[in-house]
Amino acid sequence: MDTELVLFIPAAQTAALYPFLEQAAEGRAELLRDKPVPCLPLAALRCLSISMHGSHEHVRLPLVYPFVRTDSFNFEPPERAAHELAGPDWLVLGGNGEDLLAFVAEALTARLKDGGQPTLRVVPYASLSGPLPQEARPEDTPFLFRKSGKNFNQPTWAKCVDQLLTLPEERWPEVGISNTADLVHVFDEALARLAPKKPRLILDLGCGLGQIARTLAQRFPGALVVGVDASSEAIAVARQAFQLPNLRYGVVDFSRPLDFAKGSVDLIVSTNALPYAQDQLGSARELFGLLSPQGLLLNHCRAEESHLFWDFPKSLALPSNTQIFLSDWVSAARESGRNTEVLSVPLGMAALYFLPNQARPFSEPLNAFADTRRHDGPGAYAPWVSHVLLAHSAQARPAAEAALPLASNHLARLGPVLGAVVAAPREIQEAAILAWICNARMLGLLPEALEFFEAVLPDSAPVLRPVLGASLAAGD
Ligand SMILES: C[S@@+](CC[C@H](N)C(=O)[O-])C[C@H]1O[C@@H](n2cnc3c(N)ncnc32)[C@H](O)[C@@H]1O
């Protein structure tokens, strides 16, 4: 198979990067060097067309080096990775020549193994221009992103079982188990307002050690409460720790169909667990099918939309394993005739968690901003809060259309995120954008990253320029 791998590299960095590309091509490919193009339109590039398994969401991007890296893809099977790299055009923004060499050599070697005669065409570009159309094209390389099926919590539970069984509950946080708090207070207001008054069957999905299921069993003595989790260790602890006549536990993988009658469940709650379901739309539809007509589903977890805010620009290309897209759950709820309230949960504010060490100075004002907005329960949705509470019920208030990120293109979500930054006080805009620069700078990408952001997201220019412009001019 003959393949042409086309790399667009910044004209200003050609002298620095070209020798590495010569090494990458040696013995693997014929190397062609084109004349520089003054302005490269993103619309002309062949792209990776990334769809998320079990989600409406998608994103179309060239292979943007080094934002898109093979080690962050969940390629299945893993050896597919290098083979996929020769399909889309590569847009190199800069970065480390050694790493680029390894990456290009890997792609070319994969083609050689297929008996191909690869060509490496290098095209220097002086500047970029947008927009980047998001409709899939025949020349695109389709790529299906799958969440990992790994249960990340399993090793933690297994390690802690002894301590959990011997220590009193109030001392559990001391042993370093972060997933054992009873977070039922996050649900309180929505429960009082939206839950059926006399629920008969309540499920806690991904219940962990079962504290929330326990509290619900105490609160609703007339209901049967069932806590399910894929971790047999967690369920073993829950069974020993909490025994009530109306409480049951089960080892269940909620990525598979659940063994409850359709329409039989009055209340489903879940805390930081549903993002692990591999087929989000499938799970959402299944769960809404289990709910009784007046039933309520309360899901407290992290959202991709917030991840875009904190982890920008890496989050441009890839979703992560531990978040949900709000749009998937809102649309599945609508299909089943339910409204969705999207609320922010104050405990989710933790800039430090998302930002690299270099960005610590900027996380302080961001955290301070978050602190001044703390409230006792869930509040209005804001894209900079990592955790959300989704309340799905026929009785829920339909959220204003504008407040809900319903576009099914992952990239399109940055509009509302940037809009939220513009609406924030000036020092918060600066802190957020400077934190993004830190993320980009870790990749050695300033100021090329700015040009890329602006080409992909033309609306971002008025937000980014004033802050970045000042810091670039100061040689920062
Ligand atoms: C972050 S913990 C949250 C535990 C608990 N809900 C809490 O708030 O303390 C995530 C839980 O989801 C469970 N989990 C992950 N994937 C699952 C699956 N496919 N089916 C059932 N449970 C799963 C894990 O075993 C773990 O107990």
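Residues numbered from 1 in each chain as written. Predicted model: local features only at pLDDT ≥ 70, side-chain atom pairs only at ≥ 80, totals over all residues. Heavy atoms only, no water.

## Remarks on the overall build of the protein
Consideration 1: Secondary structure assignment for the protein yields 16 helices and 17 strands.
Consideration 2: Split into buried and exposed, the 476 residues of the protein put 55% on the buried side.
Consideration 3: A separation threshold of at least 6 residues defines the contact pool for the protein, and within that pool the share at least 24 residues apart is 79%.
Consideration 4: As presented, the protein carries roughly 19500 Å² of accessible surface, and 55% of it is formed by carbon and sulfur atoms. (Helix = DSSP H or I, 4+ residues; strand = E, 2+ residues; numbered from the N terminus. Buried < 20%, exposed > 50% of the residue type's maximum accessible area, 1.4 Å probe, protein only. Contact = heavy atoms within 4.5 Å. Areas by Shrake-Rupley, 256 points an atom, 1.4 Å probe, with all protein chains shown as cover.)

## Structural notes on the packing of aromatic side chains
Consideration 1: Under the defined criterion, the tally for this structure stands at 3 aromatic pairs.
Consideration 2: Their ring planes at 50° and their centres at 5.0 Å tell us that Trp90 and Phe103 sit as a pair that is tilted. One end of the pair, Trp90, is in strand β7 (residues 90–92); the other, Phe103, is in helix α3 (residues 97–113), and 13 residues separate them in sequence.
Consideration 3: Owing to a relative accessible area of 0%, Trp90 belongs among the buried residues under this scheme. (Phe/Tyr/Trp six-rings, centres within 6.5 Å; stacked < 30°, edge-to-face > 60°.)

## Focus on the sheet that holds strand β5 (residues 58–61)
Consideration 1: A sheet is described by the order of its strands in space; here 3 strands give the open sequence β5-β4-β9, paired in mixed fashion. Both outer strands of the open sheet, β5 and β9 (141–145), are each paired with one neighbouring strand and no more. Sheet twist, expressed as the average angle between the axes of neighbouring strands with direction ignored, equals 20°.
Consideration 2: Pairing of strand β4 (residues 48–52) with β9, which is carried by 5 bridges, proceeds in the parallel orientation. (Pairing = 2+ DSSP bridges. Axes fitted to C-alpha atoms, helices over the stretch in contact; angles between N-to-C directions.)

## Considering the sheet that holds strand β13 (residues 265–271)
Consideration 1: What the 8 strands build is an open sheet, ordered β12-β11-β10-β13-β14-β17-β15-β16; its pairing is mixed. Of all strands in the sheet, those with a lone pairing partner are β12 (247–251) and β16 (379–380), marking the two edges.
Consideration 2: Across 6 bridges, the pairing between strand β14 (residues 291–302) and strand β17 (residues 387–393) is antiparallel. Directly across from Cys301, in β17, lies its bridge partner Val388.
Consideration 3: Packed onto the sheet, helix α7 (residues 232–241) meets β11 (224–229) and β12 and runs at close to 160° relative to β12.
Consideration 4: Lying on the sheet, helix α8 (residues 280–290) is in contact with β10 (201–205), β13, β14 and β17; it crosses β14 at an angle near 140°.

## Describing the packing of α8 against helix α10 (residues 326–335)
Two packed helices can be described by the angle between their axes and the distance between those axes.
Consideration 1: At a minimum axis separation of 9 Å, α8 and α10 run at an interaxial angle of 35°. Every pair of crossing elements has a handedness; the one defined by α8 and α10 is right-handed. Across the interface between the two elements, Gln280, Leu281, Ser283, Ala284, Arg285, Leu287 and Phe288 from α8 touch Asp328, Trp329, Ser331, Ala332, Ala333 and Glu335 from α10.
Consideration 2: The class makeup of the residues in the contact of α8 with α10 is 7 nonpolar, 3 polar and 3 charged. (Left-handed = near helix turned anticlockwise from the far one by under 90°. Nonpolar A, V, L, I, M, F, W, Y, C, P; charged D, E, K, R; others polar.)

## Focus on unusual backbone geometry
Consideration 1: Between Gly130 and the following residue, Pro131, the backbone shows a cis peptide bond with an omega angle of -5°.
Consideration 2: Tracing the backbone shows Pro131 in the loop between β8 (119–129) and β9.
Consideration 3: Positive phi, normally seen in glycine, also occurs at Asn272, with a value near 50°.
Consideration 4: Topologically, Asn272 is positioned in the loop between β13 and α8.

## A word on the pattern of salt bridges
Consideration 1: Counted under the stated rule, the structure contains 14 salt bridges.
Consideration 2: Measuring nitrogen to oxygen at the nearest pair gives 3.6 Å for the salt bridge that ties Arg256 to Asp253.
Consideration 3: Accessibility expressed as a relative area gives 58% for Arg256, which makes it exposed.
Consideration 4: For Asp253, a relative accessible area of 35% corresponds to the partly exposed category.
Consideration 5: Linked through salt bridges whose partners overlap, the residues forming this network are Glu189, Arg193, Glu341 and Arg397. (Salt bridge = Lys/Arg side-chain N within 4 Å of Asp/Glu carboxyl O.)

## Looking at the environment of Leu216
Consideration 1: Mapped onto the fold, Leu216 is located in helix α6 (residues 211–219).
Consideration 2: Classification of Leu216 as buried rests on a relative accessible area of 0%.
Consideration 3: For the pair Leu216 and Leu203, spaced 13 residues apart in sequence, the C-alpha to C-alpha distance is 9.6 Å.
Consideration 4: Look past the residues within four positions of Leu216 in its chain and what remains in contact with it is Val184, Leu191, Ile202, Val225 and Val269.

## Regarding the environment of Ser49
Consideration 1: Summarising the element assignment, Ser49 is placed in strand β4.
Consideration 2: The exposure class of Ser49 is buried, given its relative accessible area of 14%.
Consideration 3: Remark: the alpha-carbon pair of Ser49 and Pro62, spanning 13 residues in sequence, is separated by 8.4 Å.
Consideration 4: Beyond its immediate sequence surroundings of up to four residues, Ser49 is in contact with Val59, Arg60, Ala136, Asp140, Thr141, Pro142 and Phe143.

## Structural notes on the side chain of Asp89
Consideration 1: With respect to the helices, strands and loops of the structure, Asp89 is situated in the loop between α2 (80–84) and β7.
Consideration 2: A relative accessible area of 5% means that Asp89 is categorised as buried.
Consideration 3: A distance of 2.7 Å separates the side chain of Asp89 from the side chain of Arg46, its partner in a polar contact.
Consideration 4: Ignoring any residue separated from it by four or fewer positions in sequence, one finds Asp89 in contact with Val6, Phe8, Ala44, Leu45, Arg46, Pro62 and Leu63. (Polar contact = N/O pair within 3.5 Å; in protein donor to acceptor, adjacent residues only side chain to side chain.)

## Structural notes on the nonpolar core
Consideration 1: Trp90, Val104, Leu120 and Phe452 are the most contacted members of the largest nonpolar core, which totals 74 residues.
Consideration 2: With 7 residues, α3 is the single largest residue contributor to this core.
Consideration 3: The contacts of Leu120, once residues within four sequence positions are left out, are Leu5, Leu7, Leu21, Ala25, Ala29, Glu30, Leu31, Leu32, Val104 and Leu108.
Consideration 4: With 40 residues, the next largest nonpolar core counts Trp157, Leu183, Cys207 and Leu343 among its residues. (Core = buried A, V, L, I, M, F, W, Y, C linked by side-chain atoms within 4.5 Å.)

## Focus: the pairing of β17
Where a strand is regular, its side chains alternate between the two sheet faces.
Consideration 1: Taken across its 7 residues, β17 has 7 buried, putting it largely inside the fold.
Consideration 2: The two faces of β17 match: His387, Leu389, Ala391 and Ser393 on one face and Val388, Leu390 and His392 on the other face are all buried.

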